[in-house]
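For reference, the chains in residue letters:
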Amino acid sequence: MSSADERVIRPWGWYEELREGSGYKLKRLWLDAGQRLSLQRHHHRSENWTVAEGSGALLCDGRWSSATPGMTLHIPCGAIHRAQGGEEGLLLIEVQHGALLEESDIERLEDDFGRVLS
């Protein structure tokens, strides 16, 4: 298990793995102002996002929602999704549920940083 002081830097911001157990993983993700995650889906897990602070927008299966503190979004396994930071950035708490909770379960469909596999 990673601890919160093990921050993983990404082009869009960073994430920290907070806890992990049988079938679940808890992460904290920060998106810098105006940055966004890949347009992506997962084949082995669902996710729940809770907006902890900041603002932005969340996409799930073609529907955008404004991201405001306290808002939650359920992302079913296989759903195409993305998050974008607003003017002040966006802090998400992510709970993953499933059999495979690894970064290898990210299928990037579109990416601002050239990380889509052809």
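As a starting point, this report considers the structure included with it. (Residues numbered from 1 in each chain as written. Predicted model: local features only at pLDDT ≥ 70, side-chain atom pairs only at ≥ 80, totals over all residues. Heavy atoms only, no water.)

### Thoughts on the nonpolar core
Ranked by internal contacts, the top residues of the largest apolar core, which has 17 residues, are Trp49, Leu58 and Leu92. Of all elements in the fold, only strand E3 (24-31), strand E5 (45-60), strand E7 (72-75) and strand E8 (81-98) reach the threshold of two or more residues within this core. Looking at which element gives the most residues to this core, the answer is E5, with four residues. Every residue in contact with leucine 58, bar those within four places of it in the chain, is listed here: Trp49, Val51, Arg63, Trp64, Ser65, Ala67, Met71, Leu73, Arg82, Ala83, Leu90 and Leu92. (Core = buried A, V, L, I, M, F, W, Y, C linked by side-chain atoms within 4.5 Å. Buried < 20%, exposed > 50% of the residue type's maximum accessible area, 1.4 Å probe, protein only. Helix = DSSP H or I, 4+ residues; strand = E, 2+ residues; numbered from the N terminus. Contact = heavy atoms within 4.5 Å.)

### Observations concerning the side chain of arginine 82
Turning to its location among the elements, arginine 82 is positioned in strand E8. Reaching out from arginine 82, the side chain makes a polar contact with the backbone oxygen of leucine 37 at a distance of 2.8 Å. Discounting residues that sit within four places of it in the chain, arginine 82 has contacts with Arg36, Leu37, Ser38, Leu39, Trp49, Ala57, Leu58, Leu59, Trp64, Glu110, Asp111 and Asp112. (Polar contact = N/O pair within 3.5 Å; in protein donor to acceptor, adjacent residues only side chain to side chain.)

### Regarding the environment of alanine 99
Counting through the fold element by element, alanine 99 comes out in the loop between E8 and strand E9 (107-110). Overall, alanine 99 belongs to the exposed group, its relative accessible area being 79%.

### Examining the environment of leucine 39
Structurally, leucine 39 can be placed in strand E4 (residues 39-41). For leucine 39, a relative accessible area of 16% translates into the label buried. In sequence terms leucine 39 and glutamate 107 are 68 residues apart; their C-alpha atoms lie 8.5 Å from each other. Sequence-distant contacts of leucine 39, that is, excluding residues within four places in its chain, are made with Leu59, Ile80, His81, Arg82, Glu107, Arg108, Leu109 and Glu110.

### A look at the pattern of salt bridges
If charged atoms from side chains of opposite charge come close, those side chains can pair. In total, this model carries 10 salt bridges according to the counting rule given. In this structure, glutamate 103 engages lysine 27 in a salt bridge whose closest nitrogen and oxygen atoms are separated by 2.8 Å. Here lysine 27 lies in strand E3 and glutamate 103 lies in the loop between E8 and E9, a separation of 76 residues in the sequence. With relative accessibility at 29%, the residue glutamate 103 sits in the partly exposed group. Taken together, the shared-partner salt bridges in this structure form one network comprising Arg36, Arg82, Glu110 and Asp112. (Salt bridge = Lys/Arg side-chain N within 4 Å of Asp/Glu carboxyl O.)

### Comments concerning the pairing of E5
Both E5 and E8 contribute to a ladder of 14 bridges, which runs antiparallel. By the bridge assignment for E8, valine 51 is matched with leucine 92. Where E5 meets E7, four bridges bridge the pair, whose relative direction is antiparallel. For threonine 50, the partnering residue across the bridge sits in E7 and is threonine 72. Note that E5 and strand E6 (residues 63-67) share five bridges and pair antiparallel. Within the sheet, the bridge partner assigned to alanine 57 lies in E6 and is serine 66. (Pairing = 2+ DSSP bridges.)

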